[in-house]
Amino acid sequence: MARGALITIEGIDGAGKTTLAAALASALAARGLDVIALREPGGVLLAERIRTLVTDPELAVDARAEALLYAASRAQLVAERIVPALDAGQWVLLDRYVDSSLAYQGSGRRLGFGPIRQINDFATAALVADRTLLLVLDVATGRARRGERTPDRLEREDEEFFARIDAGYRTLAAAEPDRVVVLDASVAPEQLLEAALAALADLMGGGWEK
């Protein structure tokens, strides 16, 4: 059985990752692929419990502790869901992965890419996404898109924090252009889905049609 593919979706808060993930999962399934959609942190019980910790605005979380919590959540998700799915030939569509930690903790929290990459290589057994879709959007627009909902612990950070995250993402994309495809998240959802499908066309093999 052919191995499946790991597709990750990245970007600052408000870029539209969750909306694209849902639309993309449906579009890929309609093209005959066996797709599962997961989110980070979360996707399995342990990871969901860690999610409640890292997003809780009532908690004070040290930057290093934050990075380790995300890595622990990711380790469980990889072992429990992602690797078995890939081995079974499924496509895994993942809302956030290692690049989020590199951008948020490495760049946003100023911990550096090196240490964050090291702990995540250990956490994931060096599992790398086959393709990463990076949704780029200016920080102010991203914040405005969140609307009136109560922000979680990280969403309460200032614009400078998110500007560092955006810069971190762009640095990662420039370093790995074969893996990371940059998509303009300011376009209409239908256009963004079309661009995402085009970015995955080579992974779907011959005979793929829009």
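Structure: above.
These lines cover the structure that appears in this document, whether it is placed above or below. (Residues numbered from 1 in each chain as written. Predicted model: local features only at pLDDT ≥ 70, side-chain atom pairs only at ≥ 80, totals over all residues. Heavy atoms only, no water.)

**Quick notes on empty space enclosed by the protein**
Inspection of the entire model under this criterion finds one cavity of 30 Å³ or more. Every residue lining the largest cavity is listed: Ile12, Leu134, Leu135, Val136, Leu137, Asp166 and Tyr169. Contributing elements (two or more residues each) for the lining of the largest cavity: β4 (131-136) and α7 (159-175). In terms of residue count, the dominant contributor to the lining of the largest cavity is β4 (three residues). (1 Å grid on protein atoms, 1.4 Å probe; cavity = no way out; pocket = protein on both sides within 12 Å on 5 of 7 lines; lining within 4 Å. Points joined across faces, edges and corners; volume = space filled by probe spheres on them. Helix = DSSP H or I, 4+ residues; strand = E, 2+ residues; numbered from the N terminus.)

**Structural notes on unusual backbone geometry**
With an omega dihedral of -15°, the bond running from Glu40 to Pro41 counts as a cis peptide bond. Counting through the fold element by element, Pro41 comes out in the loop between β2 (35-39) and α2 (45-55). One non-glycine residue, Ala125, lies in the positive phi region at around 55°. Non-glycine residue Ala126 carries a positive phi angle of around 60°. As for its position among the elements, Ala126 is in the loop between α5 (113-124) and β4. We classify Ala126 as partly exposed; its relative accessible area is 45%. (Buried < 20%, exposed > 50% of the residue type's maximum accessible area, 1.4 Å probe, protein only.)

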